[in-house]
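# Structural overview for review
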Amino acid sequence: MSRLAQTHGLTDVQREILSTVRDFVDKEIIPVATELEHRDEYPQDIVDGLKELGLFGLMIPEEYGGLGESLLTYALCVEEIARGWMSVSGIINTHFIVAYMLKQHGTQEQKDHFLPRMAAGDIRGAFSMSEPALGSDVSAISSKAVQDGEEYVLNGQKMWLTNGGTSSLVAVLVKSDEGHPEGTAPHKSMTTFLVEKEPGFGEVRPGLTIPGKIDKMGYKGVDTTELIMDGLRIPANRVLGGATGRGFYQMMDGVEVGRVNVAARGCGVAQRAFELGVRYAQQRHTFGKQIAQHQAIQFKLAEMATKVEAAHAMMVNAARKKDSGERNDLEAGMAKYLASEYCKEVVEDAFRIHGGYGFSKEYEIERLYREAPMLLIGEGTAEIQKMIIGRRLLEEYRFQG
Ligand SMILES: Cc1cc2nc3c(=O)[nH]c(=O)nc-3n(C[C@H](O)[C@H](O)[C@H](O)COP(=O)(O)OP(=O)(O)OC[C@H]3O[C@@H](n4cnc5c(N)ncnc54)[C@H](O)[C@@H]3O)c2cc1C
């Protein structure tokens with residue numbers, strides 16, 4: 001057990017879950033992660049193992065067959081998994097967001113229909129807001145749904161779906177003008193559709209095409225795709241929550257818990273980078289001593305460990321706030337911002353400690369170096385986090401003069 005990133009006040013059940021996950025990560029993920037990543041291979045055996053552990057249903061209520069655990073338990077599991085391989089945490093994260101949105105906003109029929117099979121990992125979720133022309137500016141979405149009797153007809157192109165190929169349920173955000181008069185604010189005329197499809201690529205349902213995997217610099221193994229809707233017909237009972245016009249708020253709610261998880265991923269990757277750096281610093285000798293004995297390297301290790309601790313504390317605070325039922329957008333934004341920036345810096349320092357070997361694909365740090373930047377972008381860039389943080393601060397500290 002590492003001294004860093006400890007979490008106080010956990011229950012016996014939480015401790016047991018985390019120790020099982022850490023064991024799984026050490027035995028089943030770390031030994032194979034870099035090789036699979038270099039081959040851009042989907043980690044099917046690992047996913048099957050996570051399914052067996054019940055991780056796909058970690059936060060789904062027990063009445064639907066899940067473990068009914070808190071956001072904190074979930075985030076701490078994500079941290080452990082990302083320490084092993086960030087892509088694996090990406091496989092469960094979009095699933096978790098969709099299950100969370102269903103739990104919070106779904107109709108009873110939608111919960112009964114999807115959640116038990118999601119808890120078992122038999123249905124896996126992806127979520128889709130981004131389009132080729134937008135990511136941060138969600139209000140500019142142009143994909144559209146038009147009502148036709150008991151169905152809606154969806155057209156448009158979506159971008160950057162994590163698990164777009166491997167999922168069988170996608171929560172898709174589109175514009176839906178009907179029932180919302182001209183002049184309605186864009187975010188009040190958006191709807192989330194629950195789109196079921198076959199896993200795979202090509203035409204996965206009439207009117208719905210997943211063209212193929214996007215070739216990425218890192219975060220490999222997990223598939224990231226586009227999604228093209230061309231006359232896609234979806235029954236009205238697959239509007240999330242049963243009423244149009246609420247999609248923006250539902251997605252923002254999902255993204256808010258997703259942000260805690262991106263923060264957790266940053267914590268996990270930073271912890272692994274620290275482990276690799278502190279180990280290498282005691283193996284490599286220059287000028288007659290271990291490089292760890294050079295003060296400049298010790299200072300790096302000190303800075304790295306301090307960042308690991310700080311990011312973990314912020315992430316835990318944001319998760320606990322949400323679990324207590326309070327609004328946590330400020331804390332989640334801060335945790336996501338800090339953890340992803342610190343992760344990039346800790347990874348860079350571990351890379352520098354490795355000297356030339358950090359540049360070799362034989363060393364794990366090379367993979368981490370290509371993975372860390374994704375955290376700066378996904379679930380809202382640093383600039384978007386700062387906008388959220390700034391607005392909330394001005395609400396909290398409104399000048400009364
Ligand atoms: C690997 C990967 C997986 C992803 N998975 C998903 C997914 O599963 N589902 C999904 O819907 N999306 C997903 N995304 C998309 C991701 O959420 C977006 O890429 C992200 O929100 C940024 O949007 P953008 O790429 O369009 O950049 P833009 O919005 O075009 O931003 C470009 C730059 O401008 C800055 N900027 C934008 N607006 C402002 C402003 N008002 N003030 C100051 N600066 C600003 C940004 O911070 C950024 O630096 C994924 C992305 C990646 C790379």
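My aim in this report is to walk through the structure given alongside it, one point at a time.

Rules behind the numbers
Residues numbered from 1 in each chain as written. Predicted model: local features only at pLDDT ≥ 70, side-chain atom pairs only at ≥ 80, totals over all residues. Heavy atoms only, no water. Phe/Tyr/Trp six-rings, centres within 6.5 Å; stacked < 30°, edge-to-face > 60°. Helix = DSSP H or I, 4+ residues; strand = E, 2+ residues; numbered from the N terminus. Buried < 20%, exposed > 50% of the residue type's maximum accessible area, 1.4 Å probe, protein only. Lys NZ or Arg CZ within 6 Å of the ring centre and 35° of its normal. 1 Å grid on protein atoms, 1.4 Å probe; cavity = no way out; pocket = protein on both sides within 12 Å on 5 of 7 lines; lining within 4 Å. Points joined across faces, edges and corners; volume = space filled by probe spheres on them. Nonpolar A, V, L, I, M, F, W, Y, C, P; charged D, E, K, R; others polar. Contact = heavy atoms within 4.5 Å. Near = heavy atom within 4 Å. Polar contact = N/O pair within 3.5 Å; in protein donor to acceptor, adjacent residues only side chain to side chain. Areas by Shrake-Rupley, 256 points an atom, 1.4 Å probe, with all protein chains shown as cover. Sits in = over half its atoms within 2 Å of the grid points. Expected span 1.5 Å × (residues − 1). Axes fitted to C-alpha atoms, helices over the stretch in contact; angles between N-to-C directions. Parallel < 35°, antiparallel > 145°, perpendicular 65-115°, else oblique. Core = buried A, V, L, I, M, F, W, Y, C linked by side-chain atoms within 4.5 Å. Salt bridge = Lys/Arg side-chain N within 4 Å of Asp/Glu carboxyl O.

### With respect to the packing of aromatic side chains
Across all of its chains, the model carries eight aromatic pairs by this definition. Centroid distance Tyr280 to Tyr363: 6.3 Å. Interplanar angle 85°. Geometry classified as edge-to-face. With a gap of 83 residues between them, Tyr280 in helix α6 (residues 247–281) and Tyr363 in the loop between α8 (329–353) and α9 (364–377) connect regions that are remote in the sequence. Taking the centre distance of 6.3 Å and the plane angle of 55° together, the rings of Phe351 and Phe359 count as tilted. Here Phe351 falls in the buried class, since its relative accessible area comes to 16%. One aromatic cluster is present, built from ring pairs that chain together Tyr74, Phe96 and Tyr100. A cation over an aromatic ring shows up here: Lys307 above the ring of Tyr342, its NZ or CZ 5.7 Å from the ring centre.

### So, the layout of surface pockets
If you add up the space inside the largest pocket, you get close to 1400 Å³. If you trace the largest pocket, you find 46 residues lining it, with Gly135, Ile377, Gly378, Glu379 and Gly380 closest to the centre. Those elements giving two or more residues to the lining of the largest pocket turn out to be α4 (86–105), β1 (125–128), β3 (151–162), α6, α9 and α10 (382–396). Partitioning the lining of the largest pocket into residue classes produces 19 nonpolar, 14 polar and 13 charged.

### Some remarks on the environment of Leu134
One can find Leu134 in the loop between β1 and β2 (144–148). A C-alpha to C-alpha distance of 8.8 Å links Leu134 and Met159, two positions 25 residues apart in sequence. Dropping the residues within four chain positions of it, Leu134 is found in contact with Met129, Ala140 and Ile141.

### Remarks on the site of the ligand
Contacts to the ligand come from 16 residues, most closely from Ser136, Trp160, Thr162, Thr381 and Glu383. Contacts to the ligand include Phe127, whose backbone N or O atom sits 2.9 Å from a nitrogen atom. Within the side chain of Glu383, a nitrogen or oxygen atom sits 2.7 Å from an oxygen atom of the ligand. Bound to the protein, the ligand loses 65% of the 970 Å² it would expose on its own. Judged by the fraction of its atoms near the pocket grid, the ligand is located in the largest pocket. Put simply, the parts of the chain that give the shell around the ligand at least two residues each are β1, β3, α9 and α10. Here the shell around the ligand takes three residues from β3, the largest share from any one element.

### Considering α4
The first and last C-alpha atoms of α4 sit 28 Å apart over 20 residues, in line with the 28 Å expected at 1.5 Å per residue. Across the 20 residues of α4, 17 count as buried, placing the element largely inside the fold.

### Observations concerning the packing of helix α3 (residues 71–84) against α4
Relative to each other, α3 and α4 sit at 150°, their axes nearing to 6 Å. Considering the angle they form, α3 stands roughly antiparallel to α4. Contacts between α3 and α4 pair Leu71, Tyr74, Val78, Ile81, Ala82 and Gly84 from the former with Met86, Val88, Ser89, Ile92, Asn93 and Phe96 from the latter. For the contact of α3 with α4, the class distribution of residues is nine nonpolar, three polar and no charged.

### A few points about empty space enclosed by the protein
Taken as a whole, this structure holds two cavities of 30 Å³ or more when the rule is applied. What the largest cavity holds in volume is close to 100 Å³. As for the largest cavity, its lining consists of 14 residues, of which Phe56, Met59, Ile60, Phe96 and Ala99 are closest to the centre. The element that contributes the greatest number of residues to the lining of the largest cavity is α4, accounting for six residues. Across the lining of the largest cavity, the residue classes break down as eleven nonpolar, two polar and one charged. The space that makes up the second largest cavity amounts to roughly 30 Å³. Lining the second largest cavity are Gly266, Cys267, Ala270, Lys307, Val308, Ala311, Ala339, Tyr342 and Cys343. Mapped by element, the contributors of at least two residues to the lining of the second largest cavity are α6, α7 (295–323) and α8.

### What about the nonpolar core?
Counting residues in each nonpolar core, the largest one holds 102 residues, and the members touching the most others are Ile29, Leu50, Ile81, Leu102 and Met118. Residues Val174, Leu208, Ile210 and Val239 belong to the second largest nonpolar core, which totals 18 residues.

### A look at the pattern of salt bridges
Scanning all chains against the criterion turns up 35 salt bridges. When the shortest N-O distance is used, the salt bridge between Arg327 and Asp329 registers 2.9 Å. Using a relative accessible area of 46% as the deciding quantity, one classes Arg327 as partly exposed. For Arg392, the salt bridge identified is with Glu395, shortest N-O distance 3.0 Å. Linking Arg392 with Glu395, this pair stays in helix α10, spanning three residues, or about one helical turn. Its relative accessible area of 39% is what places Glu395 among the partly exposed residues. Because the salt bridges share partners, they merge into one network encompassing Asp26, Arg83, Arg272, Glu275, Glu364, Arg367 and Glu371.

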